[in-house]
Amino acid sequence: MTYQFASELAGRTIVITGGGRSIGREMVAAAAAAKMKVAILEVNKVNLDKTVAELKSTGGDVTGYVVDLEVKSQIVDAIAKIEKDFGKIEVFVNNAAFHDAEDMLASTLEMWNKTFAINTTAPFLCIQAVLPGMIARNSGSIINIGTVNSKMMIGSDSYTASKAALHAITRTVAVRYGKHNIRCNTIVPGTIATEVWQERIDRNPTIFDNLKSWYPLGRVGKPSDITAAVLYLASDQAPWMTGTEFVVDGGLLAGFAPMYPMVEGSD
Ligand SMILES: NC(=O)c1ccc[n+]([C@@H]2O[C@H](COP(=O)([O-])OP(=O)(O)OC[C@H]3O[C@@H](n4cnc5c(N)ncnc54)[C@H](O)[C@@H]3O)[C@@H](O)[C@H]2O)c1
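Owing to the predicted nature of the structure, the values given are computational and were not obtained by experimental measurement.

About the cut-offs
- Residues numbered from 1 in each chain as written.
- Predicted model: local features only at pLDDT ≥ 70, side-chain atom pairs only at ≥ 80, totals over all residues.
- Heavy atoms only, no water.
- Helix = DSSP H or I, 4+ residues; strand = E, 2+ residues; numbered from the N terminus.
- Buried < 20%, exposed > 50% of the residue type's maximum accessible area, 1.4 Å probe, protein only.
- Polar contact = N/O pair within 3.5 Å; in protein donor to acceptor, adjacent residues only side chain to side chain.
- Phe/Tyr/Trp six-rings, centres within 6.5 Å; stacked < 30°, edge-to-face > 60°.
- Lys NZ or Arg CZ within 6 Å of the ring centre and 35° of its normal.
- Pairing = 2+ DSSP bridges.
- Patch = residues over 30% accessible without salt bridge, like charges linked within 9 Å, V, L, I, M, F, W, Y side chains within 5 Å.
- Areas by Shrake-Rupley, 256 points an atom, 1.4 Å probe, with all protein chains shown as cover.
- Salt bridge = Lys/Arg side-chain N within 4 Å of Asp/Glu carboxyl O.
- Near = heavy atom within 4 Å.
- Axes fitted to C-alpha atoms, helices over the stretch in contact; angles between N-to-C directions.
- Contact = heavy atoms within 4.5 Å.
- Disulfide = S-S within 2.5 Å.
- 1 Å grid on protein atoms, 1.4 Å probe; cavity = no way out; pocket = protein on both sides within 12 Å on 5 of 7 lines; lining within 4 Å.
- Points joined across faces, edges and corners; volume = space filled by probe spheres on them.
- Nonpolar A, V, L, I, M, F, W, Y, C, P; charged D, E, K, R; others polar.

## Some details on the side chain of Ser235
Among the secondary structure elements, Ser235 is positioned in the loop between helix H8 (223-234) and strand S7 (245-248). With a relative accessible area of 1%, Ser235 lands in the buried category. Here Tyr232 takes part through its backbone oxygen, which lies 2.8 Å from a polar atom of the side chain of Ser235.

This is the structure in structure tokens:
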């Protein structure tokens, strides 16, 4: 996809968690193409090294930090190092996530805790670490990647609950730190075809085709659909947007697409 970049993004520093693959990788590639200075926090060293090498080879200013977001000291140390290496963090994207597709009865406490550790506690710790610098500079944009699951029941119980908490954190940060010109928004994606789906694709190879009928725009999403929204919220084109749930879902949450023909009797 060709993005329209806001010119002020060039030279701006952005940190993206989970940037080694899928949506995060697309964000890294787009930010690098916009001439931003990009830092990636990623636990998978193989994917991290590959992403950094590929984007550096095309002129991107991209630096990777191996970080397990389940470990507080690694988060705190990495963000301190990035602030030292880059001078400041202007945009922070909480993108990394863990998805446990089990229901209430099948979920284990271990998986529940891991889901919350990566999806909720890690963004809290990251935000806590970047806020002082943003407050000191009276400027910052924090972007949390949420999910439509947090707006209505679409499966994956612990994932849903952990992301709903992240949606709430967005509001508390936006309201409390707005006076410091810090914006915090949640992007709310619908189904995006990424590697996290592989296990489910293996079980049901037509899963995206089956899901299409729920999407008024007739397809599931692509990583670029979410990345375009990230670049917008990172830019000065969104100066009065904060505390929002920025829904990027092909129309899913607007209604039950397969239902209305039944209601109208035309199905
Ligand atoms: N794919 C979808 O259908 C979809 C839908 C709605 C929302 N989202 C959200 O979009 C974001 C990206 O999703 P995706 O499909 O690209 O996911 P993905 O699983 O493909 O990528 C997640 C990345 O996070 C990294 N990560 C996981 N645990 C980590 C840890 N402990 N420390 C550091 N890095 C870690 C992974 O290594 C991976 O690179 C997530 O927040 C997800 O909840 C995705």
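## Re the packing of aromatic side chains
What the rule picks out here adds up to 4 aromatic pairs. Positioned above the aromatic ring of Phe98 is the side chain of Lys114, whose terminal nitrogen or guanidinium carbon lies 5.1 Å from the ring centre. Looking at Arg200, its charged tip hangs above the ring of Trp197, at a distance of 3.8 Å from the centre.

## Comments concerning the pairing of strand S5 (residues 140-145)
Burial runs high along S5: 6 of the 6 residues are buried. With burial as the criterion, each face of S5 is covered, one bearing Gly140, Ile142 and Asn144 and the other bearing Ser141, Ile143 and Ile145. Looking at chain direction, strand S4 (residues 91-94) and S5 are connected through 4 bridges and run parallel. Residue pairing for S5: Asn94 is matched across the bridge by Asn144.

## A closer look at unusual backbone geometry
The phi torsion of most residues other than glycine is negative, and most of the peptide bonds are trans. Here the phi dihedral of Ser22 falls at roughly 55 degrees; this positive angle occurs in a residue that is not glycine. Mapped onto the secondary structure, Ser22 falls in helix H1 (residues 22-33). The phi dihedral of Lys35 falls on the positive side, at around 70 degrees, and the residue is not glycine.

## Some points on a nonpolar patch on the surface
On the surface, a cluster of nonpolar side chains totalling about 430 Å² of accessible area is made up of Trp214, Phe256, Met259 and Val263. For Met259, the position within the fold is in the loop between S7 and helix H9 (260-263). Residue classification places Met259 among the partly exposed residues on the basis of a relative accessible area of 43%.

## Here's the deal with the site of the ligand
Neighbouring the ligand are 25 residues, the closest being Ser22, Glu42, Asn95, Tyr159 and Thr194. Take Ser22: an N or O atom from its side chain is 2.6 Å from an oxygen atom of the ligand. The side chain of Thr194 places a nitrogen or oxygen atom 2.6 Å from an oxygen atom of the ligand. Contact with the protein chains hides 92% of the accessible area of the ligand, taken as 830 Å² for the molecule alone.

## Points about the sheet that holds S4
Read across the open sheet, the 7 strands follow the order S3-S2-S1-S4-S5-S6-S7; overall the sheet is parallel. The open sheet has two edge strands, strand S3 (61-66) and S7, and neither has a second partner. In this sheet, adjacent strand axes meet at a mean angle of 20 degrees when their direction is disregarded.

## What to know about the side chain of Thr227
Within the fold, Thr227 resides in helix H8. Residue Thr227 is classed as buried on the basis of its relative accessible area of 1%. Within the structure, Thr227 has its side chain in polar contact with the backbone oxygen of Pro223 (distance 3.0 Å). Setting aside its immediate chain neighbours within four residues, Thr227 contacts Tyr3, Ile23, Glu26, Met27 and Ala30.

## Focus: the environment of Gly87
Locating Gly87 in the fold gives a position in the loop between helix H3 (72-86) and S4. Judged by its relative accessible area of 56%, Gly87 falls in the exposed class. Between the C-alpha atom of Gly87 and that of Gly133, which follows or precedes it by 46 residues, the distance is 9.7 Å.

## Some remarks on the state of the cysteines
For the structure shown, the criterion picks out 0 disulfides. Here Cys126 is not disulfide-linked; the sulfur of Cys184 is the nearest cysteine sulfur, at 12 Å. Of the residues examined, Cys126 reaches a relative accessible area of 0% and is grouped as buried.

## Observations concerning the layout of surface pockets
Taken as a whole, the second largest pocket encloses approximately 240 Å³ of empty space. Every residue lining the second largest pocket is counted, 14 residues in all, and those nearest its centre are Arg12, Ser139, Gly140, Arg183 and Asp236. Taken together, the residues that form the lining of the second largest pocket break down as 3 nonpolar, 5 polar and 6 charged.

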